[in-house]
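Coordinates in review
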Amino acid sequence: MSVSKAEQRRGSILEDLMQADAAISGASLAKKYDVSRQIIVSDISILKSRKHEVVSTSKGYVYQPAGEKGRPVKRVVACRHTFSQMEEELSLILDNGAMIDDVSIDHPVYGELVGELMIEDAGDMHAFLKLMDSNKSKMLAELTDNIHLHTISAHTEKILDNAVEDLRRHGFLLE
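Heads up: these notes are all about the structure in this document. (Residues numbered from 1 in each chain as written. Predicted model: local features only at pLDDT ≥ 70, side-chain atom pairs only at ≥ 80, totals over all residues. Heavy atoms only, no water.)

Things to note about the packing of helix H1 (residues 5–19) against helix H2 (residues 26–33)
Each pair of packed helices can be summarised by the angle the axes make with each other and by the distance between the axes. For the record, the criterion: To get an axis, a line is fitted to the C-alpha atoms, and for a helix only the part in contact is used. The angle between two axes follows their N-to-C directions and goes from 0 to 180 degrees. Only runs of H or I of at least four residues qualify as helices and only runs of E of at least two qualify as strands under DSSP, and these elements are numbered from the N terminus. Small angles under 35 degrees read as roughly parallel and large ones over 145 as roughly antiparallel, with 65 to 115 read as roughly perpendicular and the rest as oblique. The crossing is said to be left-handed when, going from far helix to near helix, the turn is anticlockwise and less than a right angle, and right-handed when the turn is clockwise. Contacts: residue pairs with any heavy atoms within 4.5 Å of one another. Polarity classes work like this: nonpolar for Ala, Val, Leu, Ile, Met, Phe, Trp, Tyr, Cys and Pro, charged for Asp, Glu, Lys and Arg, and polar for all others, with Gly in that last group.
Look at H1 against H2: their axes get within 12 Å of each other, and the N-to-C directions meet at 130 degrees. Viewed along their axes, H1 and H2 adopt a mutual orientation that is oblique. The two elements H1 and H2 cross, and the hand of that crossing is right-handed. Contact residues: H1 offers Arg9, Ser12, Ile13 and Asp16, while H2 offers Leu29, Lys32 and Tyr33. Classifying every residue of the contact of H1 with H2 by side-chain character gives three nonpolar, one polar and three charged.

Encoded structure:
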């Protein structure tokens, strides 16, 4: 039995993601395979449904085996802020040498909703904020009165301690 063109493309996309050192945008995959971005979104959904560890991030798609995201030392923090304060909150975490792995909310109907961020530095943060602006997106936290969780990660506990203390000092930490 021959493999369909769509199945060949999905296999190639999975190989691309597994070999990539960085996220690959849906637009670049669409261009490479000469299909629409919506076809790529469908392909990624099918790969995920087949238990391939593909993660959608604000920077694009990445292949990420379970337990490999972020840095080795992790902490979950509860935060609250407005949209206009988002850059300040993210900057405080990054300025301490930590990264922002994800954002999640506890929605009253859908349960836990998680957005993979993988923001490692100021360049990633500015790209994320630009993407939010260009898509006129709202914060996930707006669904829960701006209350949200971040998984942050770093190379040491001390870095996380410092990041959390800065969040507390600036009034972002929900305690």
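A short note on the pattern of salt bridges
Put simply, the rule reads: A pair is scored as a salt bridge if a Lys or Arg side-chain nitrogen falls within 4 Å of a carboxyl oxygen belonging to Asp or Glu. Type-normalised accessible area, obtained with a 1.4 Å probe on protein chains alone, sets the label of each residue: buried when under 20%, exposed when over 50%, and partly exposed for intermediate values.
Within this structure, the stated rule accounts for 13 salt bridges. Arg50 is the partner of Glu7 in a salt bridge, and the nearest nitrogen-oxygen pair spans 2.8 Å. One end of the pair, Glu7, is in helix H1; the other, Arg50, is in the loop between helix H3 (37–49) and strand S1 (54–57), and 43 residues separate them in sequence. Judged by relative accessible area, which is 42%, Arg50 ranks as partly exposed. When the shortest N-O distance is used, the salt bridge between Asp43 and Arg9 registers 2.5 Å. Here Asp43, found in helix H3, pairs with Arg9, found in helix H1; they are 34 residues apart in sequence, far enough to count as distant. Grouping residues by exposure puts Asp43 and Arg9 together as buried. Residues joined by salt bridges that share partners form a network here, namely Glu7, Arg9, Arg10, Asp43 and Arg50.

Here's the deal with the environment of Ala30
Within the secondary structure layout, Ala30 lies in helix H2. Remark: the alpha-carbon pair of Ala30 and Ser84, spanning 54 residues in sequence, is separated by 33 Å. Not counting the four nearest positions on each side in its chain, Ala30 is found in contact with Val35, Ser36, Arg37 and Ile40.

Examining the environment of Asp106
With respect to the secondary-structure elements, Asp106 resides in strand S4 (residues 99–107). Each C-alpha atom of the pair Asp106 and Met118 lies 20 Å from the other, and the pair is 12 residues apart in sequence. Setting aside its immediate chain neighbours within four residues, Asp106 contacts Gly111, Glu112 and Thr144.

As for unusual backbone geometry
Positive phi outside glycine occurs at Asp34, with the angle close to 55 degrees. Secondary-structure assignment places Asp34 in the loop between H2 and H3. Within the chain, Asn146 stands out as a residue other than glycine whose phi angle is a positive 70 degrees. Inspection of the secondary structure puts Asn146 in the loop between helix H5 (122–134) and strand S6 (147–154).

Side note on H1
Short version of the rule: Expected span of a helix: the number of residues minus one, times 1.5 Å. Directions drawn from the helix axis to the C-beta atoms are what define this arc.
For H1, which comprises 15 residues, the first-to-last C-alpha distance of 21 Å matches the rise-based estimate of 21 Å (1.5 Å per residue) to within 8%. Considered for burial, the residues of H1 that qualify are Arg9, Arg10, Ile13, Leu14, Asp16 and Leu17. For H1, the arc enclosing every buried residue in end-on projection is 160 degrees, short of the 170-degree limit, so these residues lie on one face.

Thoughts on the pairing of strand S2 (residues 60–63)
Just so we agree on the cut-off: Strand pairing is defined by DSSP finding a minimum of two bridges between the two strands.
When S1 meets S2, the two strands line up antiparallel, connected through four bridges. Across the sheet, Val55 pairs through a bridge with Val62, a residue of S2. In this structure, the hairpin formed by S1 and S2 is closed by a connection of two residues.

Taken by themselves, the reported measurements are silent on function.
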